[in-house]
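Residues per chain, in single letters:
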Amino acid sequence: MAEMLSGGDMLIRALQDEGVEYIFGYPGGAALHIYDAIFRQQKVEHILVRHEQAATHMADGFARATGRTGVVLVTSGPGATNAITGIATAYMDSIPMVIISGQVESDLIGTDAFQETDMVGVSRPVVKHSFMVKKTADIPAVIKKAFHIASTGRPGPVVVDVPKNTTDPTVFAEYVYPTSVKMRSYNPAQRGNGRQIRKAVDALLNAQRPVIYAGGGVIQANASEILRKLVRSLRCPVTNTLMALGAYPATDELCLGMLGMHGTYEANMVMHETDLILAVGARFDDRVTNNPKKFAQDAQIIHIDVDPASISKIIDVDIPIVGNAKLVLEDMSRAIDSALLELSEEVRASQVERMNKWWLQINQWRGEHGLNHALQADAAKSILPQLAIQTLYKVTNGEAYVTSDVGQHQMFAAQYYHFDEPRRWINSGGLGTMGFGLPAAMGVQMAFPEKHVACVTGEGSFMMNMQELSTCLQYGLPIKIINLNNQALGMIKQWQDMQYGGRHSQSSYSDSLPDFKTLVEAFGHVGFKVTSAQDLEPTMQRAFSPEFKNKLVFVDVWVDPNEHVYPMAIKGGSMRDMILSRSTSAEES
Amino acid sequence: MRRIIAVLLENEAGALSRVVGLFAQRNYNIESLTVAPTEDQTLSRLTITTRGDARTVEQITKQLHKLVEVVKVMDLCEGAHIERELMLVKVKACDATRQEVKRTADIFRGQIVDVTEDKYTVQLVGPSEKLDAFIKALGNMTILEVVRSGVSGVGRGDRVLSV
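None of the values given here were measured: they were computed from a predicted structure. (Residues numbered from 1 in each chain as written. Chains lettered and ligands numbered in written order. Predicted model: local features only at pLDDT ≥ 70, side-chain atom pairs only at ≥ 80, totals over all residues.)

## A closer look at the overall build of chain B
Counting its regular elements, chain B contains four helices and nine strands. Going residue by residue from the N terminus, the α and β elements of chain B occur as β-α-β-β-α-β-β-α-β-β-α-β-β. Here the C-alpha coordinates of chain B stretch approximately 55 × 35 × 35 Å along the principal axes. Counting the 163 residues in chain B, one finds 27% classified as buried. (Helix = DSSP H or I, 4+ residues; strand = E, 2+ residues; numbered from the N terminus. Buried ≥ 20, exposed ≤ 12 C-beta atoms within 10 Å, placed from the backbone.)

## Side note on the sheet that holds strand E15 (residues 401–404) of chain A
Remark on secondary structure: sheet strands pair via backbone hydrogen bonds, oriented parallel or antiparallel. Residue and element names in this part refer to chain A. Strand order in the open sheet made by the six strands is E16-E15-E17-E18-E20-E19, with parallel pairing throughout. Looking at which strands have only one partner, the edges of the open sheet turn out to be strand E16 (425–426) and strand E19 (526–530). Pairing of E19 with strand E20 (residues 553–558), which is carried by five bridges, proceeds in the parallel orientation. Directly across from Phe528, in E20, lies its bridge partner Val555. Here helix H15 (residues 408–416) sits on the sheet in contact with E15, strand E17 (453–458) and strand E18 (480–485), set at roughly 135° to E17. (Pairing = 2+ DSSP bridges. Contact = placed C-beta atoms within 7 Å. Axes fitted to C-alpha atoms, helices over the stretch in contact; angles between N-to-C directions.)

## What to know about the interface of chain B and chain A
The interface is formed by 16 residues belonging to chain B together with 12 residues belonging to chain A. Looking at which element gives the most residues to the side of chain B that touches chain A, the answer is helix H2 (residues 54–66) of chain B, with five residues. Residue composition of the side of chain B that touches chain A, by class: four nonpolar, six polar and six charged. (Nonpolar A, V, L, I, M, F, W, Y, C, P; charged D, E, K, R; others polar.)

## Considering the domain arrangement of chain A
Residues and elements named next belong to chain A. Domain boundaries in chain A define domain 1 (3–175), domain 2 (194–369) and domain 3 (385–583). One C-alpha centre belongs to domain 1, the other to domain 3, and the line joining them spans 31 Å. Breaking the side of domain 1 that touches domain 3 down by element, the ones donating at least two residues are strand E3 (45–48), helix H3 (52–66) and helix H4 (78–92). Looking at the side of domain 1 that touches domain 3, the element that brings in the most residues is H3, giving 11 residues. Looking at the side of domain 1 that touches domain 3 residue by residue, the classes come out as 11 nonpolar, nine polar and four charged. (Domains from an automatic or database assignment.)

## Focus on the sheet that holds strand E2 (residues 32–37) of chain B
Residues and elements named next belong to chain B. Strand order across the open sheet formed by four strands is E2-E3-E1-E4, with antiparallel pairing between neighbours. Looking at which strands have only one partner, the edges of the open sheet turn out to be E2 and strand E4 (70–75). The sheet shows a mean angle of 15° between the axes of neighbouring strands, direction not considered. For E2 and strand E3 (residues 43–51), the ladder comprises six bridges, and the chain directions are antiparallel.

## Remarks on H15 of chain A
Residue and element names in this part refer to chain A. Most of H15 sits inside the fold, with nine of its nine residues counted as buried. Of the residues making up H15, those classed as buried are Gln408, His409, Gln410, Met411, Phe412, Ala413, Ala414, Gln415 and Tyr416. For H15, the secondary structure elements touched by its buried residues are strand E11 (255–258), helix H14 (385–395), E15, E17, E18 and helix H19 (490–499).

## Focus: the domain arrangement of chain B
A common way to state how big an interface is: give the accessible area lost once the parts meet. Residues and elements named next belong to chain B. What the domain assignment lists for chain B is domain 1 (2–79) and domain 2 (82–152). Between the C-alpha centres of domain 1 and domain 2 the distance comes to 29 Å. Taken together, the contacts link six residues of domain 1 with five residues of domain 2. Where the side of domain 1 that touches domain 2 is concerned, the elements lending two or more residues are E2 and E3. Sorting elements by how many residues they give to the side of domain 1 that touches domain 2 places E2 first, with three residues. Residues that form the side of domain 1 that touches domain 2 fall into these classes: two nonpolar, four polar and no charged.

## What about unusual backbone geometry?
Backbone phi values are negative for most residues with the exception of glycine, while trans is the configuration of most peptide bonds. Residues and elements named next belong to chain A. Of note, the bond from Tyr566 into Pro567 is cis; its omega dihedral lies within 30 degrees of zero at -5°. In this structure, Asn222 takes a positive phi of about 55° despite not being glycine. With respect to the helices and strands, Asn222 occurs in the loop between helix H8 (216–220) and helix H9 (224–234). Taking the number of C-beta atoms within 10 Å as the measure of exposure, Asn222 has 14 and is therefore partly exposed.

In structure tokens form, the structure reads like this:
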């Protein structure tokens, strides 16, 4: 006979059976039966945060770094609404996450009961799907479905709202965890259409100036390996989106770096001049394409995506391929290999010639306006934020997991830290959530206790979730926080400089900043303040040294408050239209 | 461009709100919406009329498909189809206009389903255009109430939307 369990025990048992190691959460009245069930078992560890938003970002960071589904547990009402920002963050970046929210008792729903919020309703626009548990016996099947939906197809967050009466410790039901899920209305795409793939291969082999535009879907589908193989067999240039840094190794010569609003000159020029774009798991975001009407006018476009709704949403696609990026690229790579074998010497030679010509042009662009990755520390000047990232890269041998917040520091990190592996760069790309960096780093550190985890942040973003320094102490998370402190909301200021005549409306608080060193020390951590470029490298060396192996270290780097992020796309233009430096920026003269 | 989209939806609490929410969230327009369970009680059938250019309509069908509870979607306007709408019109019908209302209803094959001394309620079924035409035909007669069901539609012949 099947085991009889209470709803609370069922829920936790289901998480155990799902292989969950960590739940990130915060207790409250409606979730207390569940919390009691957590107390009475050892397999699933609960991480107690200080604010529910941080719980969602922790689970998110964990999910991005590991590829496994992040799990969050919050209570009803404010617990649930506090989680919304983190759920929306995960939704925009397609991160697998299951959020369990306590709910008031079924009989009280709709009565404006204490701490009641319509969580299914409030979260609806920012979840992949949601469930409300109707009765105790449904719990195992609902949890199974939630994990299945969150992690398959285009991943995303799934909310499970659990009325308190369904977890009542005195009400028991049969517990059997389902081994499989069958839903007639949910069948995510797998293999791509063979004929479309052949068409795409044909187009790739005949292109004069091809480019591969790799998006976050490559990382989600664990398709980095096969992407590398395919790229190298064609010697085709690759550009990674902000979400895909590391999908193709940044230090590889075929890599053009990031594209888009703050992408490299060469990546954006290639996107403008190309005659064939192979987009893989990317969604032609407005921060990439600039003006869609002027986007890559000469290009034929192949688009591989697991979500058909992403195809031809912004830009009309010539060869759509719906499927899992890894499976499609595998099929494509095989087709390319056999096609290359069949080519005559002559055709092959002319193809090599074409690519050589294309690379000659690309390298010229790179030489003209590529980013300078050999910045020198100059003690006489204020610290360039780019130098801080370059130093971080050097000190960590490019091997750290790097999370970031949102703003200039995020762009500098994306430009100057070269990611050679997927899942190492963790940032809120779609929603652009300030306050993401620290809790995300905590989730990564939970997953990889022995690895270096750096959180690149700015003082503005950091202060949005700094209460989590307390959580870091509780769980001994030795994160290294690199705070690019420009005493202002840098990206806001940059836009105000460039588009609002330098009127810095509400973007500065320089006279009321805390002393971060003292602040982190009060939380029981280690703090350094760096104001001179010559101290930058030694301080970072020390922060990452064995001396602080088990300590959280906060490096407060006072950077040049007037630095802007370049290149920057010119609004309304094509991808070729970029401001490259202050001196080329007409608006600022 | 006016489109009629038919949707088979899991007949579950909250499923309809996801469909309606999707339209609001993505700035799609709903001209009419009808919904009721099918012969299979686990499924609801929706008919949505909307307007948009080709890209928008393609996005609407794709986004609808993405909803986990949506089982099938069909753009009825992609092929031959039948659309019907039911309308109840309460009209002032006294003295001279009483005959006029009756005659107009007859011409449109409407039925008078409720009668009082000075009012008729006319029931009319047909494509939306016919219903519009009837209202126009009533001209300067006094319309007291118009209730329209919204469009229900089905593909002609072999075009079948089922699981």
